[in-house]
Amino acid sequence: MSNEKRRISNVAHHTKKASGPYMEGRKLIYQGPIKVSDLARLLKLSEAQIIKNLFMKGQMVTINNVLSPETVAELCLDFNFDYDFVEESDDDCDFGLAHIVDNPKDLKPRPPVVTIMGHVDHGKTTLIDAIRSSSIVSGEAGSITQAIGAYQKEINGKKITFIDTPGHEAFTAMRSRGTKVTDIVILVVAADDGVMPQTIEAIDHARAAEVPIIVAVNKMDKPSADLQKVKNELLAQNVIAEEYGGDVIFQPISAKKGTGIEQLLDAILVTAEMLELHANPRRYAYGTVLEARLERGEGPKATLLIQNGTLTNRDFVVAGAAYGKVRRMTNEHNKALKSAGPATPVAIIGLDEVPEAGDNFIAFETEKEAKELATKRKQIRIEESRGSSEGLKLSDLHKQIAEGETVVVNVIIKADNSGSAEAVRGSLEKINIDGVRLNIIRASAGQITESDVLLASASNAVIFGFNIRPNNQVRDLADRLKIEIHLHRVIYALLEQTEKALRGLLKPEFEEKVTGQAEVRAIWHASKVGTIAGCYMLSGIIRRDQTVRLLRDGVIIYEGEVATMKHVKNDVKESRAGYECGMTLLNYNDIKEGDIIEGFAMVEVKNG
Ligand code: GDP
């Protein structure tokens, strides 16, 4: 903290308490989900009245279920009560906990955040590339690799932040979650094509978000380009150029030839100046997750847009329901940063799970504050999905099938990246067996976490892991809560096993059993034997003649055999929990400190 000015905490005495639900006469005032029993007490109804009302609408709940704000509103209407759903906080950060109002004295101008939208093929990607490579500023030269999905450009000492995802999806996804990240929309319209359906869509999005538009009339190098036609067509959409008495800047450009780009950047700066964008660099940061994924060897990696405050590489961050200490913070050129201010996009690693794009994030000074909020958010997520899950009880399964009911099996999918999570989801959804329906309640990238197991427990779900392994803690929790975790590496095998299980045909004769786990704590490279992993046995036993796999942040990196195993200088046949050993893997050398070597064996399962 030495020479850095003390920052204003996101909690402490500024905290506005999120108030619980209460009644004002016949009006229910509430902020979040409400438990059935609490709602009954507030509305002076019996719990049975609420349970019955929902049952008649096809929703099975118990007194401990938590009802979504929408369901609460419906119930109020049904029972003749007024209701008022109060948004958690009135600035861009819905953390409730972290409602502090910036002192106007602390506010400083910040760069604008810009999104590029427009009809397909009108040149969005080409424009993004043209901007990125234009007027290369010092320090940036030579680095063309784009490490994260957003970047900053400096023009005459002023910065502009560009969100890199062309198209409307990212923009809409953020907006549908109530997050506003963009200050200005660049609407790309091809001068030879004019206004098209997605042009109008983009205008609607920008209007709904109350964000000013700058029109970039592209492909002006083409002989068939017609600037006037574009202006007229947009006039019909109420996007009015200055010469027609409006206030929208039209900038003719050729993204391909790189002409007009500087004028476009100037137009952005002029517009930004009028918006008088300010933020407070003196507070702990908050903002939005632009994208996130599980990175091999690094763990969960999230691109964040800091919307207010300053983030440093010593802060504790909560993003969605994930939290952790920032282990490394980088900019778009993969350069490590110590701190980053408002409107800066950064990538961080150090979170305990992968948040979702559109999640908000907030930084804290202490781990305690971050952990408290993350735990609360994990709990709320679980309660919300419990409220919406269809409450399958395994003991009822038999009866339901006998009565010809459709049995719903809740499923959680975790995979090494979001692509395979979606692929697994897609395949599972295609399984078609009479009387059984798969209800996928979560499909995301990242290792299986304790919160997945808690969610599975709350909603009677089974967990499918694809190309990942849970760690010991997660396994223990799953064992205790009797949650089934199915791990697969091949989609085909996953489908086959699932189908068989659903048909009640599965009689597994062999089951994989983990015999022990060792943590790699040191690495030596020896020219003759390759990489030697200095290991500490965390649990169980690993034998020299057995199959093992190498895990990095829960992802399977390698599966094979132990080549050599030594204790001090002597060859040993096995190593047990609490002991150290040196191991090499057969034909595999890319071992790193922190990796886990896991021994496993197929054991016979007695049926019946
Ligand atoms: P997007 O779908 O909006 O991202 O459009 P692209 O950037 O992929 O561009 C679509 C096509 O238009 C590509 O073949 C580009 O080379 C071309 N294009 C983009 N900008 C220009 C331009 O300024 N002039 C010309 N002649 N072609 C362009």
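Residues numbered from 1 in each chain as written. Predicted model: local features only at pLDDT ≥ 70, side-chain atom pairs only at ≥ 80, totals over all residues. Heavy atoms only, no water.

> Let's hear about a nonpolar patch on the surface: which residues, and what values?
Where nonpolar side chains cluster on the molecular surface, the patch consists of Phe-55, Met-56 and Met-60 and spans about 380 Å² of accessible area. Considering the arrangement of structural elements, one finds Met-56 in helix H2 (residues 47-56). For Met-56, a relative accessible area of 64% gives the class exposed. (Patch = residues over 30% accessible without salt bridge, like charges linked within 9 Å, V, L, I, M, F, W, Y side chains within 5 Å. Areas by Shrake-Rupley, 256 points an atom, 1.4 Å probe, with all protein chains shown as cover. Salt bridge = Lys/Arg side-chain N within 4 Å of Asp/Glu carboxyl O. Helix = DSSP H or I, 4+ residues; strand = E, 2+ residues; numbered from the N terminus. Buried < 20%, exposed > 50% of the residue type's maximum accessible area, 1.4 Å probe, protein only.)

> Describe the site of the ligand, with residues and values.
Neighbouring residues of the ligand: 15 residues in total, closest Asp-121, Lys-124, Thr-125, Thr-126 and Asp-221. Note that an oxygen atom of the ligand is positioned 3.2 Å from one of the side-chain N or O atoms of Ser-254. Within the backbone of Ala-255, an N or O atom sits 3.0 Å from an oxygen atom of the ligand. Here the ligand has 580 Å² of accessible area as a free molecule, and 76% of this is covered by the chains. Among the elements that take part in the shell around the ligand, helix H4 (residues 124-133) stands out by supplying three residues, more than any other. For the shell around the ligand, the class distribution of residues is two nonpolar, seven polar and six charged. (Near = heavy atom within 4 Å. Polar contact = N/O pair within 3.5 Å; in protein donor to acceptor, adjacent residues only side chain to side chain. Nonpolar A, V, L, I, M, F, W, Y, C, P; charged D, E, K, R; others polar.)

> Account for the pattern of salt bridges, with residues named and values stated.
Per the counting criterion, the structure on display carries 31 salt bridges. Between Lys-414 and Asp-452 there is a salt bridge, and its shortest N-O distance comes to 2.6 Å. Taken together, the residues span a long stretch of sequence, with Lys-414 in strand S23 (residues 407-415) and Asp-452 in helix H12 (residues 450-459) at a distance of 38 residues. Residue Arg-489 pairs with Glu-559 through a salt bridge whose shortest N-O separation is 3.4 Å. Of the two residues, Arg-489 is situated in the loop between strand S26 (485-488) and helix H14 (491-502) and Glu-559 in strand S30 (residues 555-567); the sequence distance between them amounts to 70 residues. A relative accessible area of 37% places Arg-489 in the partly exposed class. Taking relative accessible area as the criterion, Glu-559 reaches 35% and is therefore assigned partly exposed. Shared partners join several salt bridges into a network, and the residues in it are Arg-469, Arg-475, Arg-489, Arg-549, Glu-559 and Glu-598.

> Talk me through the side chain of Ser-575; I want residue IDs and the actual numbers.
Positionally, Ser-575 belongs in strand S32 (residues 574-576). Beyond its immediate chain neighbours, meaning those up to four positions away, Ser-575 contacts Met-537, Gly-540, Ile-541, Ile-542, Met-565, Glu-580 and Cys-581. (Contact = heavy atoms within 4.5 Å.)

> Report on the nonpolar core, specifying residues and quantitative values.
Ranked by internal contacts, the top residues of the largest apolar core, which has 26 residues, are Leu-127, Phe-162, Ile-186 and Ile-268. Elements with a minimum of two residues in this core: strand S7 (113-118), H4, strand S8 (150-155), strand S9 (158-163), strand S10 (184-190), strand S11 (213-218) and helix H8 (261-275). In terms of residue count, the dominant contributor to this core is H8 (seven residues). (Core = buried A, V, L, I, M, F, W, Y, C linked by side-chain atoms within 4.5 Å.)

> Which residues make up the sheet that holds strand S2 (residues 27-30), and what are the values?
Here three strands make up an open sheet; going across it, the order is S1-S2-S5 and the pairing mixed. The open sheet has two free edges, formed respectively by strand S1 (22-24) and strand S5 (82-85), since each of these has just one partner strand. For this sheet, the mean angle separating the axes of adjacent strands, direction not counted, is 25°. In this sheet, S2 lies alongside S1 in antiparallel orientation, the contact comprising three bridges. Paired with Tyr-22 across the strands is Ile-29, a residue of S2. (Pairing = 2+ DSSP bridges. Axes fitted to C-alpha atoms, helices over the stretch in contact; angles between N-to-C directions.)

> So what about the environment of Asp-106? Which residues, and what values?
Mapped onto the fold, Asp-106 is located in the loop between S5 and strand S6 (108-109). For Asp-106, a relative accessible area of 12% puts it in the buried group. Dropping the residues within four chain positions of it, Asp-106 is found in contact with Ile-8, Ala-279, Asn-280, Pro-281 and Arg-282. Here Arg-282 takes part through its side chain, which lies 3.4 Å from a polar atom of the side chain of Asp-106.

> For helix H6 (residues 197-208), give the residues involved together with the corresponding values.
In this model H6 runs 17 Å from its N-terminal to its C-terminal C-alpha over 12 residues, within 8% of the 16 Å that 1.5 Å per residue would give. Within H6, burial applies to Thr-199, Ala-202, Ile-203, His-205 and Ala-206. One side of H6 carries all its buried residues, which in axial view fall inside an arc of 160°. One or two steps after H6, the chain reaches Glu-210, where phi turns positive at roughly 55°. (Expected span 1.5 Å × (residues − 1). Arc of directions from axis to C-beta.)

> Can you tell me about the packing of aromatic side chains, naming the residues and giving the values?
The full count for this structure, using the stated rule, is two aromatic pairs. With 5.4 Å between their ring centres and 20° between their planes, Tyr-151 and Phe-162 make a pair best called stacked. Here Tyr-151, found in strand S8, pairs with Phe-162, found in strand S9; they are 11 residues apart in sequence, far enough to count as distant. When its relative accessible area of 3% is taken as the criterion, Tyr-151 is described as buried. For the ring pair Tyr-558 and Tyr-588, a centre distance of 4.3 Å and an interplane angle of 15° mean the geometry is stacked. Here Tyr-558, found in strand S30, pairs with Tyr-588, found in the loop between strand S33 (580-585) and strand S34 (596-604); they are 30 residues apart in sequence, far enough to count as distant. Here Tyr-558 and Tyr-588 have matching classes, each one buried. (Phe/Tyr/Trp six-rings, centres within 6.5 Å; stacked < 30°, edge-to-face > 60°.)

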